[in-house]
Amino acid sequence: MSVNKISLMDAYMIESLRRKEITDDEIIEKATAGDVSSWEVLQPHYDFTELSKLAKQNKDAFHSIIQDGYQIKFVTIYGIQSLLKMKFNILKDDYVTVENGITQLKVTEDQYLVLKQMLSTNWTMTETSSDGPNKVISILM
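Residues numbered from 1 in each chain as written. Predicted model: local features only at pLDDT ≥ 70, side-chain atom pairs only at ≥ 80, totals over all residues. Heavy atoms only, no water.

A. Looking closely at the overall build of the chain. Within the chain, the secondary structure is distributed over seven helices and six strands. Ordered by position from N to C terminus, the α and β elements of the chain give β-α-α-α-α-α-β-α-β-β-α-β-β. Overall, the C-alpha framework of the chain stretches about 45 × 35 × 25 Å when taken along its three principal axes. Buried residues in the chain amount to 44% of all 141 residues. Counting contacts in the chain only where the partners sit at least 6 residues apart, residues at least 24 apart contribute 61% of the total. When the accessible surface of the chain is summed, it comes to about 7900 Å², and 49% of that surface belongs to carbon and sulfur atoms. In the chain, which carries 15 positive and 20 negative side-chain charges, the distance between the mean positions of the two groups comes to 3 Å. (Helix = DSSP H or I, 4+ residues; strand = E, 2+ residues; numbered from the N terminus. Buried < 20%, exposed > 50% of the residue type's maximum accessible area, 1.4 Å probe, protein only. Contact = heavy atoms within 4.5 Å. Areas by Shrake-Rupley, 256 points an atom, 1.4 Å probe, with all protein chains shown as cover. Lys, Arg positive; Asp, Glu negative; His and termini not counted. Charge placed at Lys NZ, Arg CZ, Asp CG, Glu CD.)

Below you can see the structure in the form of structure tokens.
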């Protein structure tokens, strides 16, 4: 099964809803129905109608995006940093930022697999060592 690709802004909206404890089922249900107005209060600077358009464009693909994960079409270093914070609560102090990416980032096996799937193809993820059950990785352009 191929992974569906979405924009960075779509990923931000999905992950911000999850951080606000909106369930995946509710995201699917409300986006498909076009009933996203209640989310505007949670994140007023996001246009959640874009998620609704994505859901209506292809319901099966949207369901897969929410349930199985996604790949971001193109992401910058700042986008990765924002996603690390939004999705995993990993802050800038938890890794080293270098000119072409991030090093010394400790992640669990599950986080590693999610990152590997979601990062756009302009990034390379490499396991540099391990720290107990965690992997220490670099994400470089």
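B. Seen up close, helix H1 (residues 8-19). The end-to-end C-alpha distance of H1 is 16 Å, a good match for the 16 Å that 12 residues give at a rise of 1.5 Å each. Those residues of H1 not exposed but buried are Leu8, Asp10, Ala11, Tyr12, Met13, Ile14, Glu15, Ser16 and Leu17. Downstream of H1 by one or two residues, Glu21 has phi in the positive range, about 65 degrees. (Expected span 1.5 Å × (residues − 1).)

C. How the structure looks around the sheet that holds strand E3 (residues 96-98). Across the sheet, which stays open at both edges, the four strands sit in the order E3-E4-E6-E5 with antiparallel pairing between neighbours. Sheet topology places E3 and strand E5 (124-131) at the edges, where each strand pairs with a single neighbour. The sheet shows a mean angle of 20 degrees between the axes of neighbouring strands, direction not considered. As paired elements, E3 and strand E4 (residues 101-107) share three bridges and run antiparallel to each other. (Pairing = 2+ DSSP bridges. Axes fitted to C-alpha atoms, helices over the stretch in contact; angles between N-to-C directions.)

D. Highlighting the packing of aromatic side chains. Counted by the stated rule, this structure contains two aromatic pairs. For the ring pair Trp39 and Phe48, a centre distance of 5.6 Å and an interplane angle of 70 degrees mean the geometry is edge-to-face. Overall, the relative accessible area of 1% leaves Phe48 in the buried class. Pairing Tyr46 with Phe48 gives two aromatic rings, centres 5.9 Å apart and planes at 85 degrees, and the pair type is edge-to-face. No difference in accessibility class separates Tyr46 from Phe48, as the two residues are buried. Ring pairing ties together the aromatic residues Trp39, Tyr46 and Phe48, which thus form one cluster. Sitting over the face of the ring of Tyr112, Lys135 holds its NZ or CZ atom 4.8 Å from the ring centroid. (Phe/Tyr/Trp six-rings, centres within 6.5 Å; stacked < 30°, edge-to-face > 60°. Lys NZ or Arg CZ within 6 Å of the ring centre and 35° of its normal.)

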